[in-house]
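Report on the structure
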Amino acid sequence: MELIRAKNINYKYPINDGQSTLKNVNFSIQKGELYSIIGKNGAGKTTLCNVIRGFIPHFHRGELGGELLIEGKDIREWDMSDLASKIGFIFQNPFTQISGVKDTVFDEIAYGLENLGVEIDDIKKRVEQIIDLLGIGDLADKNPYELSGGQKQRVAFAAVIVMDPDILVIDEPTSQLDPKGTKDIFEIIKFLKEKGKTIILVEHKLELIAEHSDYVFVMDDGEIMLDGKVDEVLSMPKVLDYDAGLPQYALLGIEMNRKDPDFNQIPINKSQAELEINKWLQR
Ligand SMILES: Nc1ncnc2c1ncn2[C@@H]1O[C@H](COP(=O)(O)OP(=O)(O)OP(=O)(O)O)[C@@H](O)[C@H]1O
C-alpha cells in the first residue's frame, strides 16, 4: 500500500541565489518498508526529509513545486498537528530534541502524550512499556541533560515511539555516536521495522544501510539519481559517481570484477561476499 508519493517536487529556499535545492523529485513509499537516502553532503537529503515531515512548506518559506501526497492528501493541506501524530521525526543531534522543560527521562518521554491530553494512567502505562522495550529503565529518573549522546538519542527515539506514529523519518541518527551507540540505535530501527513501521532513513554508514534497508535512493545535487531495491542499488559502481559511497563488500566485489569479469555478482554484505568468493574459488 502506498503511503507517500512525490510527484515532480521542486524546492527553492528563500535565500539561495535562485538555485533549486530539490529538482524533479519523484518517488513512492510503500507501507512497512525501510527506505534509505544516501548522497554526499549538500545533496538535499535533509531538505527532502523536511518536505516529507511538512516543515516545508509549513515552517520554511520558499517555493515548493509539484506534489507530496501523504495518504493521498497534499502536504499543503495537512494540519501540522495531525501530521505530527502520523510522522515521527528524529534528528541528527539528540541534544536539540530534548524539550528542556522536563527534569526526568520518564517525564520527557511522557511529554508528547501529555500535550495530546492522554489520560495520566494511560500515559504511565505507555511510557513504562517503551522504557522496557528500549531497555532504558536505568535512565528513567535521570535528568535528560545528564545523559551521554547515545543515551540522549535513545530517549529521543523513545519520545517519538511512544506516540506510535505510522511513519518515521530518521535523519542521520548515529552521526554523533560511537559504534556501541550506533548499534543500539540500529537495534531500535530493526524493532520498529519488525513492528511494521514505514521508515525513511538518512544515514552515511553504508554497511548498516545494506543490512537494514529494503530500498535505497541516491541523491546528488537535489535530484534522485538512482533508486531501487537495496541489493540492486548498492551493487552499482555508478553510485560512486555521485560520491554517495558503497559498502566495503561491494567495493571489494567491484575491484574483483575489474580484475576478473567472471566475478560478476557484486555482494553488498558479508554473507553475500563469502558466498560469491567461495563460488569464484571453486569455479
Ligand atoms: N535553510 C536553508 N536556506 C538556504 N539553503 C539551505 C538551507 N538549508 C539547506 N540549504 C542548502 O540546501 C542544500 C541541501 O542541503 P541539505 O541539508 O538538504 O543536504 P544534505 O544532503 O542533508 O547534506 P548533509 O549530508 O550535509 O546533511 C545545500 O546546498 C544547503 O546549503
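You'll find the chain entered in an unreviewed UniProt entry as ABC transporter ATP-binding protein, with Oceanobacillus neutriphilus given as the organism. According to the UniProt record, the Subcellular location (unreviewed entry) comment for the chain is "Cell membrane". According to the UniProt record, the Sequence similarities (unreviewed entry) comment for the chain reads "Belongs to the ABC transporter superfamily."

It is worth spelling out the site of the ligand at this point. Around the ligand, the surrounding shell holds 12 residues, and the nearest of these are Tyr13, Asn41, Lys45, Thr46 and Thr47. Looking at the shell around the ligand residue by residue, the classes come out as three nonpolar, eight polar and one charged.

Here we come to the domain arrangement of the chain. Many descriptions give the size of an interface as the accessible area lost when the pieces come together. According to the domain assignment, the chain contains domain 1 (2-95 + 167-244) and domain 2 (247-283). Taking only C-alpha atoms into account, the centre of domain 1 sits 29 Å from that of domain 2. Listed as interface residues are nine residues of domain 1 and, on the opposing side, seven residues of domain 2. The set of elements that each furnish at least two residues to the side of domain 1 that touches domain 2 consists of helix 8 (206-212) and helix 9 (230-233).

Below, the discussion takes up the environment of Ile120. With respect to the secondary-structure elements, Ile120 resides in helix 5 (residues 120-133). In the structure, Ile120 is positioned 94 residues away from Asp214 in sequence and 38 Å away in space, judged by C-alpha atoms.

Looking now at the nonpolar core. The biggest cluster of nonpolar side chains holds 77 residues, and the ones touching the most others in it are Ile109, Ala158, Val218 and Leu234. Residues lining this core come from more than one domain, with at least three contributed by each of domain 1 (2-95 + 167-244) and domain 2 (247-283). Apart from residues no more than four positions distant in its own chain, Ala158 is found in contact with Ile109, Ile130, Ile131, Leu134 and Ile136.

So, about the sheet that holds strand 8 (residues 198-202). The six strands lie next to each other as 6-7-8-3-9-10, forming an open sheet whose pairing is mixed. Of all the strands in the sheet, the pair left with one neighbour each is strand 6 (87-90) and strand 10 (223-229). For this sheet, the mean inter-axis angle between neighbouring strands, taken without regard to orientation, is 15 degrees. With four bridges joining them, strand 6 and strand 7 (residues 167-171) adopt parallel strand pairing. Note that in strand 7 the partner of Ile87 across the bridge is Ile167. Here helix 1 (residues 45-52) sits on the sheet and contacts strand 3 (34-38), strand 7, strand 8 and strand 9 (215-220); the angle it forms with strand 8, its principal contact strand, is near 150 degrees.

Right, let's get into helix 10 (residues 248-259). For helix 10, with 12 residues, the first-to-last C-alpha span of 17 Å sits near the 16 Å given by 1.5 Å per residue. Turning to helix 10, its buried residues are Tyr249, Ala250 and Gly253. One side of helix 10 holds all its buried residues, which, seen down the axis, span an arc of 95 degrees. Those residues of helix 10 that are exposed and aimed more than 90 degrees away from the buried face are Glu255, Arg258 and Lys259. Contacts from the buried residues of helix 10 go to helix 11 (270-281).

A word on the packing of helix 4 (residues 105-115) against helix 6 (residues 149-161). The geometry of helix 4 relative to helix 6 is characterised by a closest axis approach of 7 Å and an angle of 35 degrees between their N-to-C directions. Helix-helix and strand crossings are classified by hand; for helix 4 and helix 6 the assignment is right-handed. Contact residues: Val105, Glu108, Ile109, Tyr111 and Gly112 in helix 4; Val155, Ala158 and Ala159 in helix 6. Here the contact of helix 4 with helix 6 is composed, by residue class, of six nonpolar, one polar and one charged.

About the thresholds
- Residues numbered from 1 in each chain as written.
- Predicted model: local features only at pLDDT ≥ 70, side-chain atom pairs only at ≥ 80, totals over all residues.
- UniProt positions renumbered as here; feature names shortened; annotations may be inferred.
- Near = placed C-beta within 6 Å.
- Nonpolar A, V, L, I, M, F, W, Y, C, P; charged D, E, K, R; others polar.
- Domains from an automatic or database assignment.
- Contact = placed C-beta atoms within 7 Å.
- Helix = DSSP H or I, 4+ residues; strand = E, 2+ residues; numbered from the N terminus.
- Core = buried A, V, L, I, M, F, W, Y, C linked by C-beta atoms within 7 Å.
- Buried ≥ 20, exposed ≤ 12 C-beta atoms within 10 Å, placed from the backbone.
- Pairing = 2+ DSSP bridges.
- Axes fitted to C-alpha atoms, helices over the stretch in contact; angles between N-to-C directions.
- Expected span 1.5 Å × (residues − 1).
- Arc of directions from axis to C-beta.
- Left-handed = near helix turned anticlockwise from the far one by under 90°.

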